[in-house]
Amino acid sequence: MASNLADYKTEVHNDWCPGCGDFGIVSAIQMALAEMEVPRHKAAIFSGVGCSGKTSHFINTYGVHTLHGRVLAFSQGAKLANPEMTIIAAGGDGDGLGIGAGHFVAAGRRNVDMTYIIFNNGVYGLTKGQASPTLKLGLKTKSLPEPNVNQSVNPIALAIASGYTFVARGYAYDVRQLKDLIIAAVKHRGLSFLDVLQPCPTYNDINTRDWFSGLDNIDEMTNKPMPRIYKLEDTGYDPLVHIDSPEEENEKLTQALIKSNEWDSKIPTGIFYKNEIIAPYDERMAGRIPNYLENPPAYQEISSGGKSITNISKMLDALEI
Amino acid sequence: MQTEDEISAIGMIIGASLTGTRSSTSTSGPGFSLMAEALGWAGINEVPIVVTLYQRSGPSTGLPTRHGQDDLLFAIHAGHGDFPRIVYASGDTEEGFYDTAKCFNFADVYQIPVIHMMDKFIASTVSTVPRFDSTKITIQRGKLLEKIEDAGYKRFTPSPDGISPRSRLGLENGIFWNTGDESDQEGHISEDPENRIYKMDKRAHKLELALEQIPKEDQAINYGISDFCIISWGSAKGPILDAIDMLKKEGYKVGFIQIKMLHPFPTGYVQSLLSGVKTIIDIEANQAGQLGSLLNEHLDRKVDYYILKYTGRPMTCNEVFDSVKKIIDNKAEKKQVLTYGV
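Some thoughts on the overall build of chain A
Alright, step 1. Counting its secondary structure elements, chain A contains eleven helices and twelve strands.
Alright, step 2. In summary, chain A has a C-alpha radius of gyration of 21 Å against a globular reference of 20 Å for 321 residues, a match within 12%.
Alright, step 3. Relative to its full complement of 321 residues, chain A shows a buried share of 47%.
Alright, step 4. Nonlocal contacts in chain A, meaning residues at least 24 apart in sequence, comprise 67% of its contacts between residues at least 6 apart.

Looking at the nonpolar core
Alright, step 1. One finds A44 and V167 of chain A together with I14 and I281 of chain B to be the most contacted residues of the largest nonpolar core, which totals 151 residues.
Alright, step 2. Formed jointly, this core draws a minimum of three residues from each of two domains, domain 1 (1–214) and domain 2 (219–337) of chain B.
Alright, step 3. Among all residues touching V167 of chain A, those that are not within four sequence positions of it are I156, A159, I160, F193, A256, F272 and Y273 of chain A.
Alright, step 4. Grouped together as the second largest cluster of nonpolar side chains are six residues, Y124, L135, C200 and Y203 of chain A included.

Observations concerning the interface of chain A and chain B
Alright, step 1. Listed by partner, the interface residues are 40 residues for chain A and 41 residues for chain B.
Alright, step 2. Among the elements of the structure, α2 (55–58), β2 (62–65), α3 (71–81), α5 (101–110) and β12 (307–308) of chain A are those that each provide at least two residues to the side of chain A that touches chain B.
Alright, step 3. Residue contributions to the side of chain A that touches chain B peak at eight residues, all from α3 of chain A.
Alright, step 4. Residues belonging to the side of chain A that touches chain B are distributed by class as follows: 18 nonpolar, 16 polar and six charged.
Alright, step 5. With three bridges connecting them, β2 of chain A and strand β6 (residues 177–179) of chain B associate as parallel partners. Of the residues in β6 of chain B, the one forming a bridge with V64 of chain A is N178 of chain B.

With respect to the domain arrangement of chain B
All names here are of chain B.
Alright, step 1. If you check the domain split of chain B, you get domain 1 (1–214) and domain 2 (219–337).
Alright, step 2. Look at where the C-alpha atoms of domain 1 and domain 2 centre, and you get two points 29 Å apart.
Alright, step 3. Every contact between the two is made by 25 residues of domain 1 and, on the other side, 24 residues of domain 2.
Alright, step 4. Elements supplying a minimum of two residues to the side of domain 1 that touches domain 2: β3 (63–67), α3 (72–77), β4 (86–89), β5 (113–119), α5 (120–123) and α6 (193–213).
Alright, step 5. A breakdown of the residues in the side of domain 1 that touches domain 2 according to their chemical character gives 15 nonpolar, five polar and five charged.

Thresholds applied
Residues numbered from 1 in each chain as written. Chains lettered and ligands numbered in written order. Predicted model: local features only at pLDDT ≥ 70, side-chain atom pairs only at ≥ 80, totals over all residues. Helix = DSSP H or I, 4+ residues; strand = E, 2+ residues; numbered from the N terminus. Rg over C-alpha atoms; globule rule 2.2 N^0.38 Å. Buried ≥ 20, exposed ≤ 12 C-beta atoms within 10 Å, placed from the backbone. Contact = placed C-beta atoms within 7 Å. Core = buried A, V, L, I, M, F, W, Y, C linked by C-beta atoms within 7 Å. Domains from an automatic or database assignment. Nonpolar A, V, L, I, M, F, W, Y, C, P; charged D, E, K, R; others polar. Pairing = 2+ DSSP bridges.

As C-alpha cells, this is what we get:
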C-alpha cells in the first residue's frame, strides 16, 4: 500500500512556466517516493541551480538546493555520512554537464548508491535560453542570435563511459514511465543516472512536445504523426549485465552506446544499461571500515559528557620517542 | 575520502555536516580559492564546517613547495556577500592539535564555517612535543538535536541568542530545506525584505557572540607586554620567542602578543593589551603586512614597524633578533624585509 502522495508535496508557490516539463518530473519523484513508501525524513532531494534547482522546495522531504554544478558533491557527502538516506540529486543539463561535468565523471568512478536526474532541455532556461551542453550543433533556438556553434554532449554515453551502473532515459510528459524509471533507479544498488527529456516551452522552440510527438513527421501511409520517442523495452532490448565476464559487459556497454546515439527520427527511452556486479561505494568502504554500514558517521557517538570518547593512544604511541 | 577537486571537497563536507557528522577538509591557497563560493553557501545555511588552510607562498602557484602567511586577508574575506566565519590560527604543532578540537567546537556552537589557518612551516616541521592529552579536549556540539518530538520544527526559528536548534538529515520531525538563496525560517526561498534583515542580522550576530563567549586566552596569547611589543600570528611565533630570549640576554625587553582569533578580530582585548605599549612591531611572512593592516583597521592606532619575510624560506630567530634590535636602537626603516636562506 503506497503512502499518501499528498504527503510528499509542499505548499511552496511554483513559478515554473505553464507547460514546463519540470512539473512532470516533480510529480514522478513524488509518486515514486510515495509508492516506495520512503519515510519523508529518510529521503533528501538535492538540487543544483537553475529552474530545476527549485525541485527540492516542492518535495516534502529534506531538501537541499545547492550551488550551480555542485549538486553531486553535496549529495554524495550526505549519502556517505548517512547511508540510510534515500538521496536523489536533480539538476539541469547545463548544471550537470557544463559547470558540473567534472563531478559528473568523478561520481561515476565512485558508484555511490544514489540517483541523479538531469532535466535535459538543451537550453539555460532560467537565464533566458542560452545554448546548453546538450543542444545539437547548428540548432538555433529562440534566444540564439546565431545557430549553436558547439557539438552537443551525449549524457547517456558520458554516464556509461564514466562508470555509472544504471543509465536510463525518461520523458517528462510520460510521468507513468518516468515514475517507474525513478523507482528502478532508486532501488538500484549503485549510482543511477536518469536523463529526462524535458521540453522547455519558453526557450527551446525546436525540441518541443510536438516535435517529440512527431507532429512534423507524418506517416504518408497512415497520415498520422510518427512519434520520435519510443521505449527500449518494447523492442526486446535487454540492458542488464547478467554475468561477470568481459564479453558480456562489452556487449551491454556497446549496445547502450549505440542506442544512445539515436536521435532525430527515433529517440529511445527506458533503461540503457544496468550492472549490479560492480560494487557500490559503500561496500568498498565497508571493506576498509568493517562496521561502516552498521555505525555510519552520522550515527557515531563522539563524546560523552563533553569529553572525547575516541581513543587515539595507539596513534600517539607510534609517534612517541 | 578523496575528492576530484577542492570544490567537491567542500561540497561533500557540507553535505556530510547536514547529517550531523563533524566534517572537515584541508587545502592550501589555490584549493581554498576554489572553495570560496561554497563557503558562502555554508555561511548562509548556517552549516558547521572546518576548513584547514595550510598556507604556502602565493599568488597563484607562487612558491608551491615553500612557506608563507599570505592568505590571512583572503581567509577573512573569501566569498561574496556578507556572512560570518571564524578564522583561527595555530602557532605550532602542539597548538594545532588542541586548536583543531576548538575549531570544531566553534563550528558546532555557532553553526558557522571555521577556517583553521596553518602554514607550510608548521606542516613541514618535525618537532618533539609533549604527548597530546586528549582528556584536555572538550567536545561541544552546540544546539545539534538528537530528537524532535513535535511537528512544526523550523530550521531557522528565532532564538534569544540568534542560534537555532539544528536538525540533521534523517531525523524524524526535523525536515528542513536549505538553499543558496535567502530563505525563510523553514529554509524556502524568500526575498521578503523584513525576513532578509532578520536572517542577515541573525547570522552576523554570531560574530559578536563568539567574541563574548570564546575565552580571551584562546583569542590572543600574551607573552608579556613592554614598551616595544611584537604582534604576530601563526608559525612566526617560534623564531619570535627565540629572538626575544636572545634580546633579553643583551638587556632588551620586548613584549609579544600572538593573535589566534583573526576574525572576528578581538579588537577590545588587543586594544587593552596594547594600551601601555609605545611601539608596535608587526612580524609576519607576507609582503603586505596583512596582520598589520588588520590592526590598523581595527585599532585606534597604527603599527609602527613591519618586519616581513616573503622569500618562502622560514623565518629565523637571528634575523628577527637583528631587525628588532635595529628598531629599539632607532636605526630601522619602517619596513624591514628578511632575506635569510638560499
